[in-house]
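Now for the letters of each chain:
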Amino acid sequence: MSLNQVLSEIRSAAQQAGRAPDSARLVVVSKGRSLESIEEKILTGRVLPAPIMLAENRGQDLRDKVRQAEELGWQERFGPLEWHFIGPLQRNKIKYLEPVSLVHTLEEAWQAEAIAEAAHKWGHAPAVLLQLHNGEAQKHGVAPEHLKALYHAAVQTGLEVRGLMVMAPYGDLAAAQRVFAETARHAADLGLSELSMGMSDDFLQAIPEGATLLRIGRRLFL
């Protein structure tokens, strides 16, 4: 699908849910995509509101793409960009997060401490989302019963905790909608408003449950 088609689906779903059409924003999952493909599919003839949000899941790829985008003058040519990180956080990869505006995948207290420590050297800190576990054994995320403790630990480091992120079970839209609704309830309990949930196959289920950031990649590039 084209970018315009995806944006139209997002706005329509938001309006059908009784929400403002721009209340669910697109995060372009650019992982695994070349800069040429990102320019062609997303940036040329830009229709996304600023800032355009691009998400990577590997530290070295993030580092390399940010450098190459700077060399190509993307900010000057296409307007404000934000880089987001959506991969698992490893201690030796924290150093690559310097250009990131938002980390979606905080799941342990040590990660918040490591990001805050690195941020002192950078002179700025990314905001963070806490990744909630979706119930599948192989998936990342903090268990719901430990969410409040992680929230307080992250806040104590000085990081800005904006909300929650979740990955829904794949291939079961009814289960996905339940996970999204539960995540929204947990966010409300903590007084958090940002909800990163919904991907290429299930973003239409996430929007009625309050998703504010939709992480979509494959549907935009195929």
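Residues numbered from 1 in each chain as written. Predicted model: local features only at pLDDT ≥ 70, side-chain atom pairs only at ≥ 80, totals over all residues. Heavy atoms only, no water.

For the chain, the name recorded in an unreviewed UniProt entry is YggS family pyridoxal phosphate enzyme, with Deinococcus detaillensis as its organism. The record in UniProt for the chain states the following under Cofactor (unreviewed entry): "pyridoxal 5'-phosphate". (UniProt positions renumbered as here; feature names shortened; annotations may be inferred.)

## Observations regarding the overall build of the chain
Scanning the chain from N- to C-terminus turns up nine helices and eight strands. Computed over the C-alpha atoms, the radius of gyration of the chain is 17 Å, within 12% of the 17 Å expected from 2.2 N^0.38 for a compact globule of 222 residues. On the principal axes, the C-alpha backbone points of the chain span a range of 45 × 45 × 30 Å. Among the 222 residues that make up the chain, the fraction classed as buried is 50%. The long-range share in the chain, meaning contacts at least 24 apart out of those at least 6 apart in sequence, stands at 64%. Within the structure as shown, the chain displays about 10500 Å² of accessible surface, and the carbon and sulfur contribution to it stands at 48%. Across the chain, the centroid of the 24 positively charged side chains sits 2 Å from that of the 27 negatively charged ones. (Helix = DSSP H or I, 4+ residues; strand = E, 2+ residues; numbered from the N terminus. Rg over C-alpha atoms; globule rule 2.2 N^0.38 Å. Buried < 20%, exposed > 50% of the residue type's maximum accessible area, 1.4 Å probe, protein only. Contact = heavy atoms within 4.5 Å. Areas by Shrake-Rupley, 256 points an atom, 1.4 Å probe, with all protein chains shown as cover. Lys, Arg positive; Asp, Glu negative; His and termini not counted. Charge placed at Lys NZ, Arg CZ, Asp CG, Glu CD.)

## Quick word on the UniProt feature "domain: Alanine racemase N-terminal" (unreviewed entry) in the chain
UniProt records the feature "domain: Alanine racemase N-terminal" (unreviewed entry) for residues 87–220 in the present numbering. Split by type, residues 87–220 is 37% helix and 19% strand. Its first and last C-alpha atoms lie 19 Å apart.

## Quick look at the UniProt feature "modified residue: N6-(pyridoxal phosphate)lysine" (unreviewed entry) in the chain
Here, the residues flagged by UniProt with the feature "modified residue: N6-(pyridoxal phosphate)lysine" (unreviewed entry) are Lys31. With respect to the secondary-structure elements, Lys31 resides in the loop between β1 (25–29) and α2 (35–43). Beyond its immediate chain neighbours, meaning those up to four positions away, Lys31 contacts Ala55, Glu56, Asn57 and Lys65.

## Topic: the packing of aromatic side chains
Tallying each qualifying case throughout the model produces one aromatic pair. Each ring, one from Trp74 and one from Phe78, has its centre 6.3 Å from the other, and the planes form 75°; the classification is edge-to-face. Here Trp74 and its partner Phe78 are both found in helix α4 (residues 74–78), four residues apart, which amounts to about one turn of the helix. The burial state of Trp74 is the same as that of Phe78; both residues are buried. (Phe/Tyr/Trp six-rings, centres within 6.5 Å; stacked < 30°, edge-to-face > 60°.)

## Considering unusual backbone geometry
Looking along the chain, the bond that leaves Ala50 and enters Pro51 is cis, with omega of -5°. With respect to the element layout, Pro51 can be found in the loop between α2 and β2 (52–56).

## Thoughts on the nonpolar core
Counting residues in each nonpolar core, the largest one holds 67 residues, and the members touching the most others are Ile10, Leu26, Ile42, Trp74, Leu97, Leu214 and Leu220. Leave out the neighbours within four places in its chain, and Ile42 touches Leu3, Val28, Ser37, Leu48, Ile52, Leu220 and Phe221. Ranked by size, the runner-up nonpolar core spans 10 residues in total, among them Val29, Ala55, Leu129 and Met165. (Core = buried A, V, L, I, M, F, W, Y, C linked by side-chain atoms within 4.5 Å.)

## With respect to the environment of Gly210
Structurally, the position occupied by Gly210 is in the loop between α8 (203–206) and β8 (213–216). For the pair Gly210 and Ala17, spaced 193 residues apart in the sequence, the C-alpha separation amounts to 9.0 Å. Excluding anything up to four places from it in sequence, Gly210 contacts Arg19, Leu195 and Met197.

## Points about the side chain of Thr212
Mapped onto the elements, Thr212 comes out in the loop between α8 and β8. Residue classification places Thr212 among the buried positions, given a relative accessible area of 12%. Non-local contacts of Thr212, meaning those with residues more than four positions away in its chain, are made with Arg19, Ser23, Ala24, Arg25, Ser193, Glu194 and Leu195.

## Here's the deal with the side chain of Arg19
Checked against the element boundaries, Arg19 lands in the loop between α1 (3–16) and β1. Glu194 is the oppositely charged side chain nearest to the buried, salt-bridge-free Arg19, at an N-O distance of 7.9 Å. Looking at Arg19, its side chain comes within polar contact range of the main-chain oxygen of Ile207, at 2.7 Å. Residues within four places of Arg19 in sequence aside, it is in contact with Ala14, Ala24, Ile207, Gly210, Ala211 and Thr212. (Salt bridge = Lys/Arg side-chain N within 4 Å of Asp/Glu carboxyl O. Polar contact = N/O pair within 3.5 Å; in protein donor to acceptor, adjacent residues only side chain to side chain.)

## Description of the pattern of salt bridges
Here the structure, examined in full by the defined rule, presents nine salt bridges. Note that Lys139 is salt-bridged to Glu136, the shortest N-O span being 2.8 Å. Here Arg218 makes a salt bridge to Asp201, at a shortest N to O gap of 2.6 Å. Taken together, the residues span a long stretch of sequence, with Arg218 in helix α9 (residues 218–221) and Asp201 in the loop between β7 (194–196) and α8 at a distance of 17 residues. Note on Asp201: relative accessible area 41%, which makes it partly exposed. Three or more residues are tied together by salt bridges with common partners; here these are Arg63, Asp64 and Arg67.

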